[in-house]
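Chains, contacts and geometry: an overview
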Amino acid sequence: MYVSMKGDNNDRQMHLASGYIGGYYSLNIGGRWFIGTKMLFGCNYSSEHKLSDIKIGGRCALSAGTGVNLRYITYNNMGVKFFTDYNMMDSLLESGGQLNHQMTIGGSVDICF
């Protein structure tokens, strides 16, 4: 991710590393259909940058996430999944104090074991 402010595009890259721990659960709801859920807790750490008087990154931002999915197993070990995830994360700004909210909706084709 590149850092810029008010149209000033700098060549400074902002690096982000994340680590999460939690649980996943999947339940067969009939035949080839499965419903799943997850609950994760973790930390996002980004490199430190300073823009004018605003400091970004350089600290661990705690995060929690949850999600649900619906999977259909089509053939031997092949599945189609539709999912939605919701995440909350502390602000990466030094003076943040606010939560960032993120919602993801998507689908995938999976090899299932």
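To be clear, the structure that these remarks concern was listed above.
Here's a quick rundown of the structure.

Rules of the game
Residues numbered from 1 in each chain as written. Predicted model: local features only at pLDDT ≥ 70, side-chain atom pairs only at ≥ 80, totals over all residues. Heavy atoms only, no water. Disulfide = S-S within 2.5 Å. Helix = DSSP H or I, 4+ residues; strand = E, 2+ residues; numbered from the N terminus. Pairing = 2+ DSSP bridges.

The next point concerns the state of the cysteines. Going through the model one piece at a time under the given rule, you end up with one disulfide. Disulfide pairing is shown between Cys43 and Cys60; the S-S distance is 1.6 Å. Here the residue Cys43 occupies a position in strand S4 (residues 33-46), and Cys60 occupies one in strand S7 (residues 60-75), the gap between them amounting to 17 residues.

Below, the discussion takes up the pairing of S7. Across 13 bridges, the pairing between S4 and S7 is antiparallel. Across the sheet, residue Ile35 finds its bridge partner in S7, namely Leu70. As paired elements, S7 and strand S8 (residues 78-90) share twelve bridges and run antiparallel to each other. Within the sheet, the bridge partner assigned to Tyr72 lies in S8 and is Val80. Hairpin geometry of S7 and S8 is characterised by an intervening segment of two residues between the two adjacent antiparallel strands and by a positive phi of about 60° at Asn77.

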